[in-house]
Amino acid sequence: MYRIRFHGRGGQGIKTASRILGSALFAEGYEVQDAPRYGAERRGAPIFAYVRADRAPVYERGIIDHPDLVVVTDESLVQVPAAAVMTGLCDRSVLVIASAAEPELWQQRLGVTCRVLTLPPGPGEGAALMGAASVGAAAKLIGQISAANLEGAIRAELEGLPSDVIERNVGRALESFDSFESHAGCVSEGEALTRASATPPAWVELEVEPTSISAPAIRGEATSEQVQTGLWRTMRPVIDDSLCNHCSWICSTLCPDAAIDVGSDREPIIDYEHCKGCLLCVAVCPSHAIVVEPERAVDEHRSDP
Amino acid sequence: MSRRLITGNAAAAWGARLARADYIPAFPITPQTEIIETLGNWIDHGEMPARMVMLESEHSMMTAAGAAAATGVRVFSATSSQGLLHAMEMLYAVAGWRAPLVLVNVSRGLASPITLESDHNDVMAARDSGFLQLHCASCQEVLDATLIAYRIAEDPRVRLPMMVNLDGFYLSFTREPVSIPELDEVRSFLPDFDPGSIRFRAGRPISQAVAVLGGGPYSYFRYESHLAANAAADVHREVVMDFERIFGRRYDAIETYQCEDAEIVFLMIGSFSTKARAAVDALRDAGEPVGLVRPRLLRPYPAEDLRRALAGKRAVAVIDQNLSPGHGGTLHCELAAALYGSDGAPPVLASFVGGLGGRDITAAEFFEIAKVTKKAADEGVTPEPRLLFQESELREVRKLQAIAHHERGLTGAEHVE
Ligand code: SF4
Ligand code: SF4
């Protein structure tokens, strides 16, 4: 059985990549199981997805402990413990990391003995095509998928999207597929489950503990400060100073995230690290002094030289 | 027929579509929402001639579902976890109306603490409601069970609502190959709903929720529901034979795997039972006579089938993905009740609670469960119930507790040693 894990961040197309790989293997006659696994559904959060493929029906389920292939589309995940990118890698696994650095460097950094390959992002390429690039790589490394079936799976999965988006993804996936030619088929099917190879679980007896620690309560203040909920925002409220009459309480009181402070001149100051972009302030400001800008536009504007 | 990769949620939606559900009251909740999104999409594109209505809560949703079923139309709905609990009052009420409908539940652990991931406490909470229950282990089974459920629920000998349960994430968001039958084939298995005496019309009002004080009539009506639920066991047997004849897939009330000559048997429900099946294969390779029993039908409880399948076994390891605080695993308790005093009842029923809140149960754990249970059989001593929980998990909890402790210090909240 092939056991493959994709790791990435929400919004990078990891789920789509796993489904494309699953569909392509299914088209090659494999029995397939694929699934994404995420916690909170939001952009930027670590997610992973897995694919199992075998000639016989697949009865294993859930997390893959011993992957044959791990594809990481965001190198910053390697150091995130919750992402658990390295789990179960062994000598015969293959690890692919989206990175401009050399594979040898990653091998050193991670202290692993398995084969490491890198998937350098194309020039000027953002995260958008990383999913396509990684599924192209995975398909070639498994070595059981034809270019035609890979392309068919991408077209089926992306059906309904604008045709230029589909063509870009197909192009990127096939380019990546071809670029791994020298490693074609280097991923091999893992062993069937055996009792002999399993490490017995270290079960523990739980004791009854005082509710002061055994009830699931957290004190939020410190966490709220640390967690940059501003990253969740898709629309940004911007205060137009010329219109704001410094009423100084409406927006700042009603912001559900206490993300608007009042300065010494009674001027409202938005804390963009924590403003989630609910736009309540926009709705309530009596002098219509708060305008809305899409984050994307703000980003593009910022990255202009 | 086409065979394609679809999720458990899509399989449930296909079940409703092929069953030609007329009315779909809905309310979104993770991990169920994809079911109603899929159905909504089909309805929007004219691929399914049903009426979908978004209600303001699951309580209203279940009320609408029961009310519509009482007019004699075919009703489908879906929910999960807190949503099922929110609908609970109406679950009991609708079952008492003897209104047949199918409700898919996508199992998810209950608050508190909150989780999005799967266990069976939600569906177990509904086991006394009067809804019959089918439990699925694969995406194919989700589609097939939905069709089977309509046949049983609508049978004049039963006339009770039925739940089809699938596990969140492990089935709901997992794609597997599913054969999607042709509509004509489905029609021959599941004809249009013949509501018989169910004919509520606006011009001819009936009250479904009569008050019966004094206890006697109440006992009668409740016990009639119970007898009808019991009668569903025979109906299930007929329906699944019909299903097998038409579609070639067999769905006995309990699935048995490598059971015939097994000495030790795993007993569990839901999608993790396929993991148990893989573990049985590995244990057999290692020479261990281990088998698996998986109830599909949980209401009515397949007591007779279980007694037959387990007679003469040395021990059963019951794996509960639910927990009744102050008692333990529900499946274990119900199995003990079914086996008590029966001929050849296994002397040891070991209880394991695991897979709570989406926690995996690893192959190594199945091997260990088999080992512990075999030892218990050898020694004739039933082991203490065991939570599947490992040192590494406790370390993770200790880390969270340390952070919480530190935060209390930072924020001046109560300081407890
Ligand atoms: S958009 Fe919402 S969160 Fe942000 S400042 Fe306005 S009210 Fe507060
Ligand atoms: S509510 Fe409007 S006018 Fe008042 S402080 Fe906020 S931005 Fe200024």
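Residues numbered from 1 in each chain as written. Chains lettered and ligands numbered in written order. Predicted model: local features only at pLDDT ≥ 70, side-chain atom pairs only at ≥ 80, totals over all residues. Heavy atoms only, no water.

The next point concerns the overall build of chain B. Regarding its fold elements, chain B presents 14 helices and 15 strands. Computed over C-alpha atoms, the radius of gyration of chain B comes to 22 Å, within 12% of the 22 Å expected from 2.2 N^0.38 for 417 residues, which places it in the range of a compact globule. For the C-alpha atoms alone, the extent of chain B along its principal axes is close to 65 × 60 × 55 Å. Looking at chain B as a whole, 59% of its 417 residues are labelled buried. In chain B, of all internal contacts separated by at least 6 residues, the share reaching a separation of at least 24 is 81%. Surface accessibility of chain B: about 16700 Å² in total, with carbon and sulfur atoms responsible for 53%. (Helix = DSSP H or I, 4+ residues; strand = E, 2+ residues; numbered from the N terminus. Rg over C-alpha atoms; globule rule 2.2 N^0.38 Å. Buried < 20%, exposed > 50% of the residue type's maximum accessible area, 1.4 Å probe, protein only. Contact = heavy atoms within 4.5 Å. Areas by Shrake-Rupley, 256 points an atom, 1.4 Å probe, with all protein chains shown as cover.)

The next subject is the sheet that holds strand β14 (residues 348-353) of chain B. Residues and elements named next belong to chain B. Strand order in the open sheet formed by six strands is β9-β11-β10-β13-β14-β15, with mixed pairing between adjacent strands. A single partner strand is all that each edge strand has here, and the edge strands are β9 (254-257) and β15 (386-387). Of the strand pairs in this sheet, strand β10 (residues 264-267) and strand β11 (residues 290-295) are connected by four bridges, and their pairing is parallel. Considered in β11, the bridge of L267 is made with V293. In this fold helix α12 (residues 330-339) packs onto β10, β13 (315-320) and β14, with an angle of close to 145 degrees to the strand it touches most, β13. (Pairing = 2+ DSSP bridges. Axes fitted to C-alpha atoms, helices over the stretch in contact; angles between N-to-C directions.)

This brings us to the domain arrangement of chain A. As assigned here, chain A comprises domain 1 (2-183) and domain 2 (227-303). Summarising the inter-unit geometry, the C-alpha centres of domain 1 of chain A and domain 2 of chain A are found 38 Å apart. (Domains from an automatic or database assignment.)

Residues and elements named next belong to chain A. For the structure shown, the criterion picks out three cavities of 30 Å³ or more. In this structure, the largest cavity encloses a volume near 110 Å³. Lining the largest cavity are 16 residues, and of these C244, C247, C251, P268 and C285 sit closest to its centre. Top contributing element to the lining of the largest cavity by residue count: helix α8 (residues 250-254), with three residues. Partitioned by chemical class, the residues of the lining of the largest cavity number 12 nonpolar, four polar and no charged. Size it by volume and the second largest cavity reaches roughly 90 Å³. (1 Å grid on protein atoms, 1.4 Å probe; cavity = no way out; pocket = protein on both sides within 12 Å on 5 of 7 lines; lining within 4 Å. Points joined across faces, edges and corners; volume = space filled by probe spheres on them. Nonpolar A, V, L, I, M, F, W, Y, C, P; charged D, E, K, R; others polar.)

The next thing to look at is the environment of B:R386. By the element assignment, B:R386 lies in strand β15. Exposure remark for B:R386: the relative accessible area of 18% places this residue in the buried category. In the structure, B:R386 is positioned 33 residues away from B:V353 in sequence and 6.1 Å away in space, judged by C-alpha atoms. Ignoring any residue separated from it by four or fewer positions in sequence, one finds B:R386 in contact with A:W203, A:V204, A:E205, B:S351, B:F352 and B:V353. A distance of 3.0 Å separates polar atoms of two side chains, one belonging to B:R386 and the other to A:E205. (Polar contact = N/O pair within 3.5 Å; in protein donor to acceptor, adjacent residues only side chain to side chain.)

Turning our attention to the site of ligand 2. All names here are of chain A. The local shell around ligand 2 consists of C244, N245, C247, S248, I250, C251, P268, C285, P286, S287 and I290. Among the detected pockets, ligand 2 sits in the largest cavity. Tallied by class, residues from the shell around ligand 2 come to eight nonpolar, three polar and no charged. (Near = heavy atom within 4 Å. Sits in = over half its atoms within 2 Å of the grid points.)

Take the packing of aromatic side chains next. A full pass over the atoms with the stated rule returns 12 aromatic pairs over all chains. Residues B:Y220 and B:F221 carry aromatic rings whose centres are separated by 5.3 Å and whose planes lie at 70 degrees to one another, so their mutual orientation is edge-to-face. Look at B:F221 and you get partly exposed, because its relative accessible area is 46%. Each member of the aromatic cluster is reached from another via a ring pair, and the members are B:F189, B:F243, B:F247 and B:Y251. Taking NZ or CZ as reference, A:R236 lies 4.3 Å from the ring centre of A:Y272, over its face. The aromatic ring of B:F272 is capped on one face by B:K275, whose charged end is 5.1 Å from the ring centroid. (Phe/Tyr/Trp six-rings, centres within 6.5 Å; stacked < 30°, edge-to-face > 60°. Lys NZ or Arg CZ within 6 Å of the ring centre and 35° of its normal.)

So, on to the site of ligand 1. Residue and element names in this part refer to chain A. The environment of ligand 1 is made up of P237, C255, P256, I260, C275, K276, G277, C278, L279, L280 and C281. Using a 2 Å cut-off from the grid points, one finds that ligand 1 occupies the second largest cavity. Residues belonging to the shell around ligand 1 are distributed by class as follows: nine nonpolar, one polar and one charged.

With that out of the way, let us pick up the layout of surface pockets. When its volume is computed, the second largest pocket comes out at roughly 1600 Å³. Lining the second largest pocket we find 50 residues, and of these A:R19, A:A156, A:E157, A:L158 and A:E159 sit closest to its centre. Among the elements of the structure, α1 (14-27), α3 (130-142), α4 (147-157) and α5 (163-179) of chain A together with β1 (2-7), α1 (8-18) and α2 (33-44) of chain B are those that each provide at least two residues to the lining of the second largest pocket. In terms of residues, the lining of the second largest pocket owes the most to one element, α1(A), which gives nine residues. When the residues that make up the lining of the second largest pocket are grouped by side-chain class, the tally is 22 nonpolar, 16 polar and 12 charged.

All names here are of chain B. Those residues of helix α11 (residues 303-310) not exposed but buried are A303, D305, L306, A309 and L310. For α11, the arc enclosing every buried residue in end-on projection is 160 degrees, short of the 170-degree limit, so these residues lie on one face. On its buried face, α11 is in contact with α9 (216-247), β9, β10, β11, β13 and α12. (Arc of directions from axis to C-beta.)

Take the packing of α4(A) against α5(A) next. Residues and elements named next belong to chain A. In the contact formed by α4 and α5, the axes pass within 10 Å of each other and the chain directions differ by 150 degrees. Here α5 runs roughly antiparallel to α4, going by the angle between their axes. Note that α4 runs across α5; the crossing there is right-handed. Residues A147, L150, E151, I154 and R155 of α4 form the contact with α5, whose participating residues are I166, E167, N169, V170, A173, L174 and F177. (Parallel < 35°, antiparallel > 145°, perpendicular 65-115°, else oblique. Left-handed = near helix turned anticlockwise from the far one by under 90°.)

Close inspection of predicted coordinates is inappropriate in any region flagged by low pLDDT. Mean pLDDT over chain B: 95, with 98% of residues reaching 70 or higher. The ipTM for the predicted assembly is 0.93, set against a pTM of 0.89. (pLDDT = per-residue confidence, 0-100.)

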